Structures are given as structure tokens and as C-alpha cells.
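Listed below, chain by chain, are the residues.
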2 protein chains.
Amino acid sequence: MLHKSLPSALLQEDANALAARLRRGELTSEKLTATTLAAIEDTNSTINAYTFVDVAGALAAARASDRRRREGRPLSKLDGLTIAVKDNIDVAAMPTSNGLGYHDDIPTPDADAPVVARLRSAGLVILGKLNMHEIALGATNDNPHWGRCENPLRVGYTPGGSSGGSAAAVAAGLCALALGTDTMGSVRIPASYCGVSGLKPGRNQVNAAGVTRLCRQLDTVGPLARSSRDLRDLWPMLRGNEVTETTEPLTECNMPAPSLASIRWGLIDRCDEVGADQEIAFFFRNFTESLPGAIKARRDFSIVDFSTVRRAGLLLCEAEANVTFVSELRAQPDLFSPELRRLLQWGAERTAPDLVRAMDIVEQAGSWLKLQLEDVDFLLTPTTLQTAFPFADKVPVNQANLTSCVNMAGLAAASIPLGVADDGLPFGLQIIARAGDEERLLSTCVALEEWIHSNVALVTV
Amino acid sequence: MLHKSLPSALLQEDANALAARLRRGELTSEKLTATTLAAIEDTNSTINAYTFVDVAGALAAARASDRRRREGRPLSKLDGLTIAVKDNIDVAAMPTSNGLGYHDDIPTPDADAPVVARLRSAGLVILGKLNMHEIALGATNDNPHWGRCENPLRVGYTPGGSSGGSAAAVAAGLCALALGTDTMGSVRIPASYCGVSGLKPGRNQVNAAGVTRLCRQLDTVGPLARSSRDLRDLWPMLRGNEVTETTEPLTECNMPAPSLASIRWGLIDRCDEVGADQEIAFFFRNFTESLPGAIKARRDFSIVDFSTVRRAGLLLCEAEANVTFVSELRAQPDLFSPELRRLLQWGAERTAPDLVRAMDIVEQAGSWLKLQLEDVDFLLTPTTLQTAFPFADKVPVNQANLTSCVNMAGLAAASIPLGVADDGLPFGLQIIARAGDEERLLSTCVALEEWIHSNVALVTV
């Protein structure tokens, strides 16, 4: 399926490995980019991860990167690597569809979102835009306008969402890195279902200008990659002060991977009681029992009324989307699927006090989760309560139960691959940290990933 | 009008002067408290600042303070001084009316709000509860249930609001210190109209548990006093982390008053153009021209659509009050004046997207004000655009124009007396600072107050 001129295994290497090949001169950015573009062309009709590909722009950027490297002045460690961007984040001269049903008139911004501009200034090659759940409000990526994005691990199964295209493209080797957005779990859920790694940064840690909002309070921009070390190295290029729009210098993260034995873990207790598949719950329990750590404090999540919290979070999104898309809803209602129009109409008909009550519930859920972090360094949970499911199945309502409270609390969280269920599909480990603690979080993910690789036999059931 | 056994001038001394008398043994807390209680009894029928006075409790607390002092173990610099509390803040065993029309069934909490508990643990003598604008939604303190609180400087005139009782009691010497709350300007407006000093702390700098909310995002608890040095010394007893509810140690503020010449000021430009009385605008301009400073950067406030911002802020309050008072509105609607019921009904009938739009406007106004603080230490504006007005007059709609954006930005601001208009009534100077910078703000207010006292002849027009 993949391009013949290079082994497809190359496209499955993580960004660090590809960057090392570029540094050693075994590979050029142009060759990597051309190979990736060919793989996209070969596979996109199946996987449908991309909504737009900028072949000429990507090749020109790759050649410019190769020139810089020849001249000994790469812009960053990741200069020349490929990245693709979820279609609710502005990239100059590329359409921003937000997963809506545009025909030929997709709004096309003149300028990059600041977070994209930073990646460009680090020399990353932007391949194009990625499929997503319609306006990012949902977690299957069963997009009625752009088509389903398929899970590259099993066609016919959801990649998760709303950043389904981002996770699918990374998992399929159709980019080295990707950007997604995460409002209730939209980076972490597809990372879990597709077997890749994703980061939801803490509130106000990444500039969200140029990103179509779903819910201002909960939205975050986050990266997806094939390894934790890739996320760790990409993070300094993403973070930036939202308020003043000052950019941080592109310093690399030099924090050494911590000793896991020194870490105080908070662990979700009895995750089957909050709806995890038996297999995931059992695996998670065995994993946390063998994991080294200074403290392992069990946390009871069963006291949370996840159904009420979910409805409250959704109302924030549904009410706000009526404002964000007010002119589109009025002038071009058929951009929206009938199902989405019904959701938004429901939000439009709630009262202002209804929204206040929902915000109160969101605030309480967030405060509760922040309290769970007291006296520990990180909280560990499964990312999702199940593995990817067939598009034909009923959508589980609890997909975001373990992820959405993190957005409500404004905390940071990563998802890294934890295990593989009997159905052969992966599931993720969610590591929750304080906002602003992303660097330590990602360094810890590197150590966790190594530990999981070395010890998976110990924890497999 | 005041009690005969001590000169009324004593009750007009600031808390620092009274504390010095206690330390030197010239005065006991019991005598100060008894004298103040007598003055309250003598004057409250006129000024109507108190809704509840705890004579026995205050005298017992004063005697306990005197014992501690005799035994050489006062709890703080302010041990034995009197304080009174706005009637939307819980004090154990005192009614909390929120300015509503209760008869004999006023809710009476068992426990102090944490901020009150801290004051009690610093040895302050709590005299009682203070009149306020009905549910704190308004700035005249023309309370239909408890009666108007009068401006002690001129009966028949508003003291401002919503913390009108707090400012009036401090101005009339009916307590050494007072607590108020400030959602759009409710500490600073009455401070300006009554010629006293008040602080609105930055967002999340004071624990708001046990305080009836009006608008969670904008509410702050703030002190009023007869001098800036009193605010400075009270501040360490008020601040506390809202989220974790940890209490900071009661360390005194030892920050020396800064040199005004070293400060970078941002100054509102042409405040007559945003509606200030000519006299206030002229005085403010002369004041800022003679004030020492390292930088004086003019800021244009005329670009703000204050009418839209005001309506947006009010909608947040009106929608949220429907949730806060849901059971009272349902079970006892006559607790609320017909005018307030109309306001709240209006809020109840707005849609969730209406509220999102209002929150967007509030966010934008706050972001704009934060930008005005860039590259300067403090912003200076008049606190109010006019002096106190007769209750009989139409209420100016612009009372909170210069104060409410501070709440929207989450910043801190103090109001200190700046001048006296031809009508003989005072007006305040608002000093806006970053959240968390309250200590430096109040030290600067001490220096500003001294400079204004010494140089008032220079700036009087």
C-alpha cells in the first residue's frame, strides 16, 4: 500500500529516529516528504485521514530544510520532519473546514495560527489538514461531509475523535507528527484507540488564537506522535503564553527522565466500577501493582456522576457553538449535518441559568479532580474505558468519562499506549499532571514508555 | 451624635492609630468596642449602616483581647480592633440577609466564612453585619427592605454600593475596619463616595467560601478602612488560597513604601471623554501631571463601549442570581423587591448563547484592560466619574464604568481619597495592579496617600 521506493517501516519510525537519519545524512527531508506524500496518496482513499494535502508547499519546505541542513543551520532538532494539522486550526493558504460540509468555498486563512507559525519557524514541513469529527463535537470521526476517518489498525473501526485524522495519520505513518485539539478528550481518545501518544496541555499553556473554538474554557491544542520522546521534543515548540502572545525560545527539553521509583502516583481505584472493560481494568490493575513508585495512592472515581458531568460539558460546547458558528448557521445551515443541527438547536433553546448550572457542574468536577492530585505527582487512569469499536456499533456514551474532567480542571494529561486487548486493539494510559508541569509530565512518559516496553510480559494477563 | 464618654475624634482615627493606643495602654479593646457600640446605637437610626449588631459577642471578644494583651500575647497587630462584615458574608450565629426582605427567619450560618474565621483568629472584634444593596446587584444601597444606608458625609445622599454599609460605617467611625464584596465596583464605588479606602483583590486571592455569590467569575471579597496603611496591614489576614483553602501565615506586610518617582504609571487619558464630571477630570489631570513617576503612559479608554460591557456584566450577574437564589425565588418571591424580580426574570429569559455572548464581551473587556497594564506598574483612573448623588436623583448608569473592567480582567485595584469637589463631597483615585501584586499595590497606596496629603494644595483647582 505504501510507496515502493522506501520501506514502509521507515514511515513508522518515530520523529526522533527520522531526525537522527536526517542528521546522519541517510535521509533528506525532500525524500521523507515525497515518500510520505506518496503514502498519503496511496492510502488516503482507504484511511481518509487528510482533508487537504499541500504537495507543492510541502516539497518546497522540505527542500528549504535540506538546504539549511547542508549549510549547517537547521532551525531545530525537528527541522525537516513532517507534520499535519487538524482542520480546525488555521494554516495559511490551506482551507479550514472544521469538519463542516463546505463545497468549493471553504474559508482559507491568510495567516498561520500562532502555534502553527511556531512549528513552521522550527522548520517543520506542513503536509496538510486532517479529518476530524464535525466541529470537534464528538469522538468517532464518522464525518458525514468528509467521510469516515478509519482506524489504520482495523478498517471499519473508529479511530476515535474528535482528532481522529490526527491519530490515524500518525498511526499510519502519514506524517511524523500531528496537531489536534482536545476539549473533552479529543486528543487522548484517538491516541488511545490508534495506539499512539498524545498530549493535552494545561489551560493557557498553548496559544489558541487561530483555532476554531468549541468551548473556550475547555479547549486546548495538543500534539500527537509515535513516541513520548517525540512529544517531549515537540513541546517546547508549542508552548507559549496565550495572553501576551509572547513566544518562548525554542529551547529543547533537557530534563532527564525521572526515576519512576521516586514518583508519587495517584491511581484510579477499581476502574471496572466506572465502566472500564474487564480486560482493561484487569490489565491496568496489574500494571499499577508492578509499576515502581514512591507512593501509590488509590483514588475513588466512582463518586463522580459522569452522566451529569458529561451533559454539563456538552451544554457548554453546544451553547458556545451557536455563537462561534452563528453566521454559518444562519446563512448556510446545510453545512451542518441534521444531527449536529439538532444538538446545536438544543443548546440554543437552553436558558442562561441552565448554562450557569452546567458551568457550576463543570467547575465542581474540575475542582474535584484537582483535589485528587493533592499530595501526588501524577494521576494514572486508563485513557478510555474501551478499545476502538466498529462504526456500525452504538457509540458508547462514556468515551470521554476519564478525559473530560481534566479539561474541566484545566490540568495537563498525556495518553501513551499501555496494552493490547484480546481483540488486538490498543488502549492507552492517561497520565494527569498540573498545568505548567508538561515538561516533567512528558519526561515521565518517556520513562513510563520504556518501562512498559521492558515489562509488558509482567503485566499482560 | 456620637457617644459622650470619649471624643468622637477617637472613633475617626485609623486602625493603625487605634492599635497604637491599645499597645500603649491608653485604650482597651473593651472601651473601644463599647464606645463604638454606643455610637452605632446613637447613629444607626440616621445612617442605617448596620443590619445586625452583636453587642454581647463583641464585648466578650473585646475582653478576651484585653486579656491576651495583658498577658503579652496579642494575636496580631490588629488584635482588639473592631470590624464589621457586609451582610452577604457568613459570620457564625449572625444572620446573612444578602439585603433581602426577610422578617424573622433570616438564614443564620453556624460557621464563619473562612475569610471571617481568619480575621477572628487575628483577634479582631466582630461587631455585626452591614447594610448592602439588595443581593449586591446595584450601587446605591437604597435597600427597599432594610432601608437606605445614608452617606455619613451628607444625609439624603447615597453612600454608593453595593457595599454601602461597609463604607458608611468606616466613614462614620462605626467600626475600625469593614469587609465588603466587589463584583463590578462594589467596594471601590462606596469608598470613593464616602471618602474612605478600599481594596478589590485580584481573582482567587481571597477565599470566597461562605460568601453569597453574585457572579463567581467577578466576585471578590475586599476590605475598607480609613487609611491605606490599614488596608496594607489587614491584607495579610485576608489573603488565602481559594482552591486548596490553605491559610497563609499571618505575617505582617513589611514592604517599605516605594519611591513614587520610580514607578511606571499608566494614566487614563481625557477622562471627561468617558463621562467624568468636568471637575473630577480637571483635578485628575492636574494630579497626574504633578505626580512623580518614572513613566507616565497615557491610555485611551474612550475606545471601550462601556454600555455594552455593562450590560454584559449585568447579564452574568442576573443569570447567575437565578441559580444562587433558585429556592428563595420559588418559595419566597416576596423576599425580592419587584424591581429586582424584574431584573432576575430578564436574566432567566435570556438563552444560553446570549450568556455566551455576554461572557465573550466580558472576556474581551478584561483582556483589553490587562493589555493596558503592559509595560507599566499601575494604572490610575478616577474611581467614579461623579461624587455621591441624592437618592432622589436618577441613578447614573455609568457608576461602575471605570471599576467593572478590573473585575472582568481579574486584576486588583484600590480606591483611596483623591480630592473633594465643590459640592464638598469626596471622590477617589483608583490604582489598578496585577493579581497577586496586592502587597506592592497597598504599599504604593500608602506613599500615594502621603503624597496627596502633602501636595493637595498643588493639585486643587
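Residues numbered from 1 in each chain as written. Chains lettered and ligands numbered in written order. Predicted model: local features only at pLDDT ≥ 70, side-chain atom pairs only at ≥ 80, totals over all residues. Heavy atoms only, no water.

Novice: Got a sec to walk through the overall build of chain A? Specific residues and values, please.
Specialist: Assigned secondary structure in chain A consists of 15 helices and 13 strands. Looking at chain A as a whole, 61% of its 461 residues are labelled buried. Summed over all atoms, the accessible surface of chain A reaches about 16,500 Å², with 51% contributed by carbon and sulfur. (Helix = DSSP H or I, 4+ residues; strand = E, 2+ residues; numbered from the N terminus. Buried < 20%, exposed > 50% of the residue type's maximum accessible area, 1.4 Å probe, protein only. Areas by Shrake-Rupley, 256 points an atom, 1.4 Å probe, with all protein chains shown as cover.)

Novice: Describe the environment of Val116(B), naming the residues involved and giving the relevant values.
Specialist: All names here are of chain B. Note that Val116 resides in helix H5 (residues 114-121). Residue Val116 is classed as buried on the basis of its relative accessible area of 1%. For Val116 and Ile83, which are 33 residues apart along the polypeptide, the C-alpha to C-alpha distance reads 10.0 Å. With sequence-adjacent residues up to four places away left out, Val116 is seen in contact with Val85, Ile89, Asp90, Val91, Ile126 and Leu179. (Contact = heavy atoms within 4.5 Å.)

Novice: How would you sum up the interface of chain B and chain A? Please name residues and give values.
Specialist: Chain B puts 20 residues into the contact, and the matching count from chain A is 20 residues. Surface buried jointly by chain B and chain A totals about 1,800 Å² across both partners, of which 66% is contributed by carbon and sulfur atoms. A per-residue breakdown of the area chain B buries against chain A is headed by Val323(B), Ala352(B) and Val356(B), which together make up 24% of the total. At the junction of chain B with chain A, the criterion picks out 4 salt bridges. (Buried area = accessible area lost by both parts, 1.4 Å probe. Salt bridge = Lys/Arg side-chain N within 4 Å of Asp/Glu carboxyl O.)

Novice: Now, about the confidence of the model for chain A: what can you tell me, with residues and values included?
Specialist: With 94% of its residues at a pLDDT of 70 or more, chain A shows a mean pLDDT of 94. Here residues 1-5 of chain A is modelled with pLDDT under 50, and outside its nearest four sequence neighbours on either side it reaches 12 contacts, counting other chains as well. (pLDDT = per-residue confidence, 0-100.)

Novice: Tell me about the pairing of strand S3 (residues 125-130) of chain A, and please be specific about residues and values.
Specialist: Residues and elements named next belong to chain A. Counted residue by residue, S3 has 6 buried out of 6 residues, so it is predominantly covered. Bridge count between strand S1 (residues 50-53) and S3: 3 bridges; the pairing is antiparallel. Across the sheet, the residue bridging to Phe52 is Lys129, located in S3. Two elements, strand S2 (residues 82-86) and S3, share 4 bridges in a ladder whose sense is parallel. Of the residues in S3, the one forming a bridge with Ile83 is Ile126. (Pairing = 2+ DSSP bridges.)

Novice: Now, about the side chain of Ser415(B): what can you tell me, with residues and values included?
Specialist: Residues and elements named next belong to chain B. Within the fold, Ser415 resides in strand S12 (residues 412-420). Here Thr383 takes part through its side chain, which lies 2.8 Å from a polar atom of the side chain of Ser415. If sequence neighbours within four positions are ignored, Ser415 has contacts with Arg188, Ala191, Ser192, Val196, Ser197, Gly198, Thr383, Gly428, Leu429 and Gln430. (Polar contact = N/O pair within 3.5 Å; in protein donor to acceptor, adjacent residues only side chain to side chain.)

Novice: Describe the relation of the copies chain B and chain A, with residues and values.
Specialist: Of the transformation placing chain B onto chain A, the axial shift is 0.1 Å and the rotation is 180°, giving an RMSD of 0.0 Å. Look at the turn and shift together and you get a two-fold axis relating the two. Looking at chain B, 100% of its interface residues are interface residues in chain A too, so the copies touch through the same face. (Least-squares fit on C-alpha atoms with pLDDT ≥ 70 in both.)

Novice: I'd like a rundown of the sheet that holds strand S9 (residues 264-268) of chain A, residues and numbers included.
Specialist: Residue and element names in this part refer to chain A. Read across the sheet, 11 strands follow the order S1-S3-S2-S6-S8-S7-S12-S13-S11-S9-S10 without closing on themselves; strand pairing throughout is mixed. Two strands in the sheet have a free side with no partner beyond their single neighbour: S1 and strand S10 (295-299). Neighbour-to-neighbour, the strand axes of this sheet turn through a mean angle of 25°, independent of strand direction. As judged from the 6 bridges shared by strand S6 (residues 177-182) and strand S8 (residues 220-225), these two strands associate in the antiparallel manner. Residue Gly180 lies in a different strand from S8, and its bridge partner there is Gly222. Sheet strands touched by helix H6 (residues 164-171): S1, S2, S3, S6 and S8. Its angle to S6, the strand with the most contacts, is close to 155°. (Axes fitted to C-alpha atoms, helices over the stretch in contact; angles between N-to-C directions.)

Novice: How would you sum up helix H12 (residues 338-349) of chain A? Please name residues and give values.
Specialist: Residues and elements named next belong to chain A. With 12 residues, H12 ought to run about 16 Å at 1.5 Å a step, and its terminal C-alpha atoms sit 16 Å apart, in line with that. Buried within H12 are the following residues: Leu340, Leu344, Gly347 and Ala348. The buried residues of H12 occupy one face: seen down the axis, they fall within an arc of 100°. In this structure, H12 carries Glu339 and Arg342 as exposed residues pointing more than 90 degrees from its buried face. (Expected span 1.5 Å × (residues − 1). Arc of directions from axis to C-beta.)

Novice: Quick rundown of the environment of Leu224(B)? Include the residues and the values.
Specialist: Position of Leu224(B) among the secondary structure elements: in strand S8 (residues 221-225). On a C-alpha basis, the gap between Leu224(B) and Ala348(B) in space is 33 Å, while along the polypeptide they are 124 residues apart.

Novice: Residues and numbers for the packing of helix H13 (residues 352-372) of chain A against helix H10 (residues 306-324) of chain B, please.
Specialist: Packing of H13(A) against H10(B) leaves a shortest axis separation of 8 Å and a crossing angle of 70°. The angle between H13(A) and H10(B) places the two elements in the roughly perpendicular class. Relative to H10(B), H13(A) is oriented so that their crossing is right-handed. Between H13(A) and H10(B), the contacting residues are Ala352(A), Pro353(A), Val356(A), Arg357(A) and Asp360(A) on the first element and Ala319(B), Glu320(B), Asn322(B) and Val323(B) on the second. A class-by-class count of the residues in the contact of H13(A) with H10(B) yields 5 nonpolar, 1 polar and 3 charged. (Parallel < 35°, antiparallel > 145°, perpendicular 65-115°, else oblique. Left-handed = near helix turned anticlockwise from the far one by under 90°. Nonpolar A, V, L, I, M, F, W, Y, C, P; charged D, E, K, R; others polar.)

Novice: Run through the state of the cysteines, naming residues and quoting values.
Specialist: Residues and elements named next belong to chain A. Scanning all chains against the criterion turns up 0 disulfides over all chains. A disulfide-free cysteine, Cys194 has its sulfur positioned 7.1 Å from the sulfur of Cys149, the nearest such atom. A relative accessible area of 2% places Cys194 in the buried class. (Disulfide = S-S within 2.5 Å.)

Novice: So what about the packing of aromatic side chains? Which residues, and what values?
Specialist: All names here are of chain A. Throughout the structure, instances matching the rule amount to 14 aromatic pairs over all chains. When the ring of Trp265 is compared with that of Phe378, the centres are 6.0 Å apart and the planes differ by 40°; the resulting orientation is tilted. With Trp265 in strand S9 and Phe378 in strand S11 (residues 378-382), this pair connects stretches of sequence that are 113 residues apart. Judged by relative accessible area, which is 0%, Trp265 ranks as buried. (Phe/Tyr/Trp six-rings, centres within 6.5 Å; stacked < 30°, edge-to-face > 60°.)

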